[in-house]
Amino acid sequence: MKISSENPKIAVVGSCSLDLVLYTDKIPAGNETVLAHHSENFFGGKGANQAVGTARLGANVYFVGCVGMDPLGQQILRNLVDENVNVGYVSETDKDSTGIAYVTNCNGTFSIVVDPAANKYLNIKTVQNAEKYIVASDLVLLQLEIPIEVVEFTVKMVKSHGKKVGLYASPGKKLSEEILNSVDFIIAKSNDLSTIFGEGEREKILEKYFNKLFVRDETNSTLYFDGTEMKYYRNENESMIYKMGMGDAFTSGFSVALCHKNSIEDCVKFGNLVSSKVSMGKGAQTSLPYLKDVL
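Residues numbered from 1 in each chain as written. Predicted model: local features only at pLDDT ≥ 70, side-chain atom pairs only at ≥ 80, totals over all residues. Heavy atoms only, no water.

(A) Layout of the environment of L77. For L77, the position within the fold is in helix α2 (residues 71-82). Between the C-alpha atoms of L77 and V90, which are 13 residues apart in sequence, the distance is 8.4 Å. Sequence-distant contacts of L77, defined by excluding residues within four places in its chain, comprise V67, V87 and V90. (Helix = DSSP H or I, 4+ residues; strand = E, 2+ residues; numbered from the N terminus. Contact = heavy atoms within 4.5 Å.)

Structure below.
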């Protein structure tokens with residue numbers, strides 16, 4: 001893993017929220033009530049997680065998102081500023097509150113319901129206002145907790161300037177061929193492949209998007225096709241106690257390594273390493289490692 005002397009510039013267009021985590025002895029079934037031992041709150045949202053993750057790994061980061069006009073929105077913005085993320089192009093809306101993810105955690109198994117709330121109101125105009133800083137970046141990151149029309153517009157805008165754009169395709173949804181062909185890399189969960197790409201053999205999908213599609217699962221493994229053979233890397237240990245945010249952590253590590261012009265293989269290995277670190281503590285953002293922790 002090589003690190004150049006210049007800090008990468010990364011723009012993240014995406015979601016921010018609060019993760020409300022309930023710890024229980026079982027995941028409730030339909031029409032069932034269970035009691036939680038306790039609950040905890042963590043800053044989250046896939047976009048904000050990636051903004052913090054890349055900033056801690058040494059990138060200069062701009063975040064473009066939307067919060068509600070409520071105390072939680074201000075707390076999220078203050079946290080991002082404290083993490084050295086530029087929030088000059090985060091908009092506020094009075095149409096909804098700041099987003100919240102409701103998480104039930106049973107011995108490391110999760111059930112998650114996300115209320116995007118204000119994230120639904122991130123719009124194209126906000127992205128246009130931030131265009132100068134977005135296209136000045138070395139890489140732009142997107143996820144799917146914001147309106148799909150914002151994702152599509154951002155991809156077109158970034159590619160029209162000849163810049164790189166990466167997509168963490170989560171939560172999984174059907175994507176157009178235009179998006180799939182335009183982005184420089186796609187990170188997806190293994191159980192979302194049929195939703196994103198339609199029905200088809202996993203190997204065929206990977207072969208079509210060689211060195212571009214990276215498939216992840218909860219064991220912190222990454223599978224991709226390098227044009228010649230399937231590659232598989234896994235970093236799992238008994239200390240993996242908190243598996244939320246591992247995909248965002250992988251995306252952060254992979255992206256920073258790519259900006260430093262490392263090989264795809266080294267980018268994957270570094271992404272896995274960063275992801276393994278975040279799984280050893282609580283909170284999708286709290287446990288994100290700093291660059292000194294992974295070199």
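(B) Inspection of the packing of aromatic side chains at higher detail. The full count for this structure, using the stated rule, is 7 aromatic pairs. With centroids separated by 4.8 Å and ring planes inclined at 55°, the aromatic side chains of F214 and F254 adopt a geometry described as tilted. Of this pair, F214 sits in strand β13 (residues 213-217) while F254 is found in helix α9 (residues 246-259), placing the two residues 40 residues apart along the sequence. Neither F214 nor F254 differs from the other in exposure class; each is buried. Through a chain of ring-to-ring contacts, the aromatic side chains of F185, F214, Y224, F250 and F254 assemble into a single cluster. (Phe/Tyr/Trp six-rings, centres within 6.5 Å; stacked < 30°, edge-to-face > 60°. Buried < 20%, exposed > 50% of the residue type's maximum accessible area, 1.4 Å probe, protein only.)

(C) The sheet that holds β13, seen in detail. As summarised here, the arrangement of the 9 strands in space is β6-β4-β1-β10-β11-β12-β13-β14-β15, forming an open sheet in which the pairing is mixed. Looking at the sheet topology across the chains shown, the edges are occupied by β6 (85-86) and β15 (230-234). Both strand β1 (residues 9-13) and strand β10 (residues 139-142) contribute to a ladder of 4 bridges, which runs parallel. Note that in β10 the partner of A11 across the bridge is V140. Together, β1, β4 (60-64), β6, β10 and β11 (164-168) form the strand contacts of helix α1 (residues 46-56), whose direction differs from that of β4 by roughly 170°. (Pairing = 2+ DSSP bridges. Axes fitted to C-alpha atoms, helices over the stretch in contact; angles between N-to-C directions.)

(D) Structural detail: the sheet that holds strand β9 (residues 109-115). Reading across the sheet, the 4 strands line up as β3-β2-β8-β9 and stay open at both edges, with mixed pairing between neighbours. Each end of this open sheet is capped by a strand with a single partner; those strands are β3 (36-44) and β9. In this sheet, adjacent strand axes meet at a mean angle of 20° when their direction is disregarded. With 8 bridges joining them, strand β2 (residues 17-24) and β3 adopt antiparallel strand pairing. Note that in β3 the partner of D19 across the bridge is F42.

(E) Summary view of the pairing of strand β14 (residues 221-225). Most of β14 sits out of view: 5 of its 5 residues are buried. The alternating pattern of β14 places S221, L223 and F225 and T222 and Y224 on opposite faces, both of which are buried. Bridging between β14 and β15 involves 5 bridges; their strand directions are antiparallel. Within the sheet, the bridge partner assigned to S221 lies in β15 and is R234. The hairpin turn running from β14 into β15, its antiparallel successor, is 4 residues long, and G227 in that turn takes a positive phi close to 100°.

(F) Up close: the side chain of K212. With respect to the element layout, K212 can be found in the loop between α8 (202-208) and β13. Buried within the structure, K212 lacks any salt-bridge partner; D184 is the closest side chain of opposite charge, at an N-O distance of 7.1 Å. If we ignore the near neighbours within four places in the chain, the residues touching K212 are L180, N181, S182, V183, D184, F185 and I186. (Lys, Arg positive; Asp, Glu negative; His and termini not counted. Salt bridge = Lys/Arg side-chain N within 4 Å of Asp/Glu carboxyl O.)

(G) Region of the structure containing the pattern of salt bridges. Throughout the structure, instances matching the rule amount to 11 salt bridges. Two residues, K208 and E177, come together in a salt bridge whose shortest N-O distance is 3.8 Å. You can see K208 sitting in helix α8 and its partner E177 sitting in helix α6 (residues 177-182), a full 31 residues away along the chain. Of the charged contacts, one joins E265 and K269 as a salt bridge, the two residues approaching to 3.3 Å between their closest N and O atoms.

Everything listed here is a matter of geometry and, on its own, says nothing about what the molecule does.
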